[in-house]
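# Architecture at a glance
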Amino acid sequence: MNATAQPINPGKLVERHQLAVQDPDWVRWSLIVIALSFISLFICLPLGLVIFKAFSKGLEAYWSALAQPDTLAAIRLTLLTAVVTVPLNTVFGVAAAWAITRFDFKGKSFLTTLIDLPFSVSPVISGLIFVLLFGAEGWFGDWLIEHDIKIIFAAPGIILATLFITFPFVARQLIPLMQEMGNQEEEAALSLGASGWKMFWSVTLPNIKWALLYGVLLCNARAMGEFGAVSVVSGHIRGLTNTLPLHVEVNYNEYNIVGAFAGASILAALAIVTLILKTALEWKSEAER
Amino acid sequence: MSILLSNISKKFGAFSALDNINLEIPEGELVALLGPSGCGKTTLLRIIAGLERADQGRILISGQDRTEHDVSKRGIGFVFQHYALFRHMTVFENVAFGLRVKPRRDRPSNEVIAKKVHALLELVQLDWLHDRYPDQLSGGQRQRIALARALAVEPSVLLLDEPFGALDASVRKDLRQWLRNLHHDLNVTSIFVTHDQEEAMEVASQVVVLNHGKIEQQGAPSEIYDHPSNAFVSGFIGQTNVFNLEHQDTDWLQTAGLSTLQQQGKIVHVRPHDIVIEKSALDSDAFVTLKDWQHLGALIRIELVKNSVNGQPASVYAEMPNEQFKRLHLNKGDKVDLKIRHAHWFH
């Protein structure tokens, strides 16, 4: 029972490799060197640079850049977006995974494909869809203006775009796991007199919890870091509709290097925390098997 | 509790899995639903459990119509082929599950639950494993825990889907006997699904033979073996020699002591142990040659070849105890005389 197809267990890979014919030393070493230099060049170096640039004018300049009202507003908006979208997409992901793995219905494979859509569409297009729907010239534009509801160039638009972008994460983690597990344990719970709700909480959820958390984590990381789609619907109003990634761009364009990289350092820190939690989750779920 | 099924039908798309099943199971029986794979036996069991809905028909458990009851309200215990133990719970918690999910007013106290669970674990002789997780148990142990879990809610009917299907041959033998004894002690009406006729004959008090979604025959194991109602049942329950009188000469059958004059059908089934052989005294008019034999423990299976006057030589199998075979002093290639003690006729 493998939680997901994605998490790779390095220990297992090496073990399996040694069963096969060993490659000559020079092949092994050059591959290792190539992989390591690639990682340092494209991941470690930029990450180091972000931190270096953020602190280039000293700790004080860093703090004052972060303490600016616009930066704080951007952090708040980013957090708000995540707080709204992550729970919604968690519920949606579980519901979608449940529907796909437990029921047979017409259009099931279509739904499965549709769930992946946000991954295959450019984020800019995803943002544009919402502008076309809810913008002043959009389908619902007149109605929204009449009722004085602002979606585009406001927080609701940002949340909608982020919802769209991040909805595959949870479902994609759960579907392969739930497919593999089958529903016998659930049927057993029902036959023992459990209600559907009780079955979900005491049998389904404990079995999918690590994959679910993993999906939630990835969903959260993307929700906080999304740039393209949000950029289209936000309108870049300082202190109002700038999320942290947008705030970084604005600062950068204005040659406010410390401000830009201070914001970037928060996003980078978020990424590192995500990575650590992700690894911990993988260990945990591996250990439980 | 007694079970009554009337006019149960189920289709999966165009495929008719069950076709108008009528079945009555008296209280306290241990019934085997026996049939080849794809015959609908598991579907029937799942319909009785409420895990599957029939397209039509009613299910009555001890006289009460339970057709519309959900699986959780039907009062059945279900044991799955692959155990379906809750993998994140200990053995104790697995067995306690059915008691813990009862509505608050019916739920026993923790002490009562603990007492009951330990009693059930003792019943299946596995109390010493109460704090283990399912993946630390062997297949046979898991199956017994699954049974204890199903019994915890005191079901009126116990349903088992291929209960021994995933076990080693030796474990299977032990568990069969154990299940029979357990049923004797508890006397709860039980139905189990199997494709293994030997298992059905050994464990069940009643056997229901299914094929292509229909009941072919229902009865006690000996009744089904001795009086199969049709060619399918006869062929499915134990080994048999099949002779089609339309394609074969009947003379030799008469020589073998089978009266073909008052034909009761076109097809004759003869069990291997209903064939008696002797060394032929007169080589000339013997039809049958001994080709080979195999030891099956206490029995010997003898492969005979019938040299037909017209048509292909055909194989005939006979069975007899080792000792008896030794006394005959037969060798490969010997001509033998053949006597048929008993045969079943089918159309």
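Placed above this text is the structure.
Quantities reported herein were computed from a predicted structural model and do not represent experimental measurements. (Residues numbered from 1 in each chain as written. Chains lettered and ligands numbered in written order. Predicted model: local features only at pLDDT ≥ 70, side-chain atom pairs only at ≥ 80, totals over all residues. Heavy atoms only, no water.)

### Observations regarding the side chain of His247 of chain A
Residues and elements named next belong to chain A.
- Note on placement: His247 falls in helix H14 (residues 244-253).
- Relative accessible area serves as the criterion here: at 3%, His247 is assigned to the buried category.
- Apart from the residues lying within four places of it in its own chain, the contact partners of His247 are Asp70, Thr71, Ala74 and Asn242. (Helix = DSSP H or I, 4+ residues; strand = E, 2+ residues; numbered from the N terminus. Buried < 20%, exposed > 50% of the residue type's maximum accessible area, 1.4 Å probe, protein only. Contact = heavy atoms within 4.5 Å.)

### Section: the interface of chain A and chain B
- In this complex, chain A contributes 18 residues to the contact, which on the side of chain B involves 24 residues.
- Of the roughly 1,800 Å² buried between chain A and chain B, counting both surfaces, carbon and sulfur atoms make up 59%.
- The largest share of the area that chain A buries against chain B comes from Glu185, Ser191 and Leu192 of chain A, three residues that together contribute 35% of it.
- For the pair chain A and chain B, the number of links is two salt bridges.
- Among the elements of the structure, helix H11 (184-191) and helix H12 (196-225) of chain A are those that each provide at least two residues to the side of chain A that touches chain B. (Buried area = accessible area lost by both parts, 1.4 Å probe. Salt bridge = Lys/Arg side-chain N within 4 Å of Asp/Glu carboxyl O.)

### Observations regarding the packing of aromatic side chains
- By the definition in use, this model includes 17 aromatic pairs over all chains.
- Note on Tyr62 of chain A and Trp63 of chain A: the rings are 5.6 Å apart at their centroids and 70° apart in plane angle, and the pair reads as edge-to-face.
- For Tyr62 of chain A, a relative accessible area of 9% gives the class buried.
- Centroid distance Phe119 of chain A to Phe169 of chain A: 5.1 Å. Interplanar angle 75°. Geometry classified as edge-to-face. Pair noted here: Phe119 of chain A is in helix H6 (residues 117-120) and Phe169 of chain A is in helix H10 (residues 168-181), with a separation of 50 residues, a long-range link.
- By relative accessible area, Phe119 of chain A is classed as partly exposed at 37%.
- Grouping aromatic residues by their ring pairs yields a cluster made of Phe92, Phe130, Phe134, Phe140, Phe164 and Phe167 of chain A.
- Here the guanidinium or amino end of Arg144 of chain B rests over the ring plane of Trp178 of chain B, the centre of that ring lying 5.9 Å away.
- Across the ring face of Tyr225 of chain B, the terminal group of Arg271 of chain B is positioned such that the distance to the ring centre comes to 4.2 Å. (Phe/Tyr/Trp six-rings, centres within 6.5 Å; stacked < 30°, edge-to-face > 60°. Lys NZ or Arg CZ within 6 Å of the ring centre and 35° of its normal.)

### Looking at the pairing of strand E14 (residues 288-296) of chain B
All names here are of chain B.
- Sheet topology places E14 next to strand E15 (residues 299-306); eight bridges connect them, and they run antiparallel. When the sheet's bridge partners are listed, Leu290 is paired in E15 with Leu304.
- Here E14 folds back onto E15 in antiparallel fashion, the turn holding two residues, of which Gly297 has a positive phi close to 70°.
- Summarising the sheet, E14 and strand E17 (residues 335-340) pair through two bridges and their orientation is antiparallel. Its bridge partner lying in E17, Val288 is registered against Val336. (Pairing = 2+ DSSP bridges.)

### What to know about empty space enclosed by the protein
Residue and element names in this part refer to chain B.
- This model, assessed by the stated rule, comprises three cavities of 30 Å³ or more.
- Each pocket or cavity is described by its volume, and for the largest cavity that value is around 60 Å³.
- Surrounding the largest cavity, Val79, Gln143, Arg144, Leu147, Leu160, Pro163, Phe164, Leu175, Trp178 and Leu179 form its lining.
- Elements with a minimum of two residues in the lining of the largest cavity: helix H4 (139-152) and helix H5 (169-186).
- Of the residues that constitute the lining of the largest cavity, the class distribution is eight nonpolar, one polar and one charged. (1 Å grid on protein atoms, 1.4 Å probe; cavity = no way out; pocket = protein on both sides within 12 Å on 5 of 7 lines; lining within 4 Å. Points joined across faces, edges and corners; volume = space filled by probe spheres on them. Nonpolar A, V, L, I, M, F, W, Y, C, P; charged D, E, K, R; others polar.)

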